[in-house]
Amino acid sequence: MQKTGDEMSLEELSASDFVVGLKETERAIDTGKVKHVFIAKDCDERIALPLLEICKERNISVNREFTRKEIGRACKIKVKAATAAVI
């Protein structure tokens, strides 16, 4: 489990401006808007590893403590979410 920088909680995610999902997270990273990324601990590694590398390169803190279900619930969506990013 990789953790970098200051950890954020799901409550902080829920109270922040955020994007949900891999494509939206990658798009937000590309525009330089991301402050913190959540990657689900039960996320498929072929999704997680490239995103972790991008975050490491751009010095973006990452949290891998939570499940897809927990991240989805924090983002107020009815489905599981592999990734989310605070913008």
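Residues numbered from 1 in each chain as written. Predicted model: local features only at pLDDT ≥ 70, side-chain atom pairs only at ≥ 80, totals over all residues. Heavy atoms only, no water.

Remarks on the packing of helix α2 (residues 22–30) against helix α3 (residues 45–57)
How we decide: With axes taken as lines fitted to C-alpha atoms, and helix axes fitted only over the stretch in contact, angles between N-to-C directions fall between 0 and 180 degrees. Here a strand is any run of E in DSSP of at least two residues, a helix any run of H or I of at least four, and the numbering for each starts at the N terminus. The cut-offs work like this: below 35 degrees is roughly parallel, past 145 is roughly antiparallel, 65 to 115 is roughly perpendicular, and the gaps in between are oblique. A clockwise turn of the near helix away from the far one marks a right-handed crossing, whereas an anticlockwise turn of less than a right angle marks a left-handed crossing. For this analysis, residues touch if any pair of their heavy atoms sits within 4.5 Å. Following the grouping adopted for this structure description, the nonpolar residues are Ala, Val, Leu, Ile, Met, Phe, Trp, Tyr, Cys and Pro, the charged ones are Asp, Glu, Lys and Arg, and the polar ones are all others, Gly among them.
Two elements in contact, α2 and α3, have axes separated by 11 Å at closest approach and are oriented at 15°. Relative to α3, the element α2 is oriented roughly parallel. The two elements α2 and α3 meet at a crossing, and its hand is left-handed. Of the residues in α3, those touching α2 at Leu-22, Thr-25, Glu-26 and Ile-29 are Ile-47, Leu-51, Ile-54 and Cys-55. When grouped by side-chain class, the residues that make up the contact of α2 with α3 number 6 nonpolar, 1 polar and 1 charged.

Some remarks on the UniProt feature "domain: Ribosomal protein eL8/eL30/eS12/Gadd45" (unreviewed entry) in the protein
Convention followed: UniProt positions are given in the numbering used here, feature names are shortened, and annotations may be inferred rather than shown by experiment.
UniProt marks residues 16–86 with the feature "domain: Ribosomal protein eL8/eL30/eS12/Gadd45" (unreviewed entry), using the numbering shown here. End-to-end, the C-alpha atoms of residues 16–86 are 6 Å apart, and along that stretch the chain is 41% helix and 20% strand.

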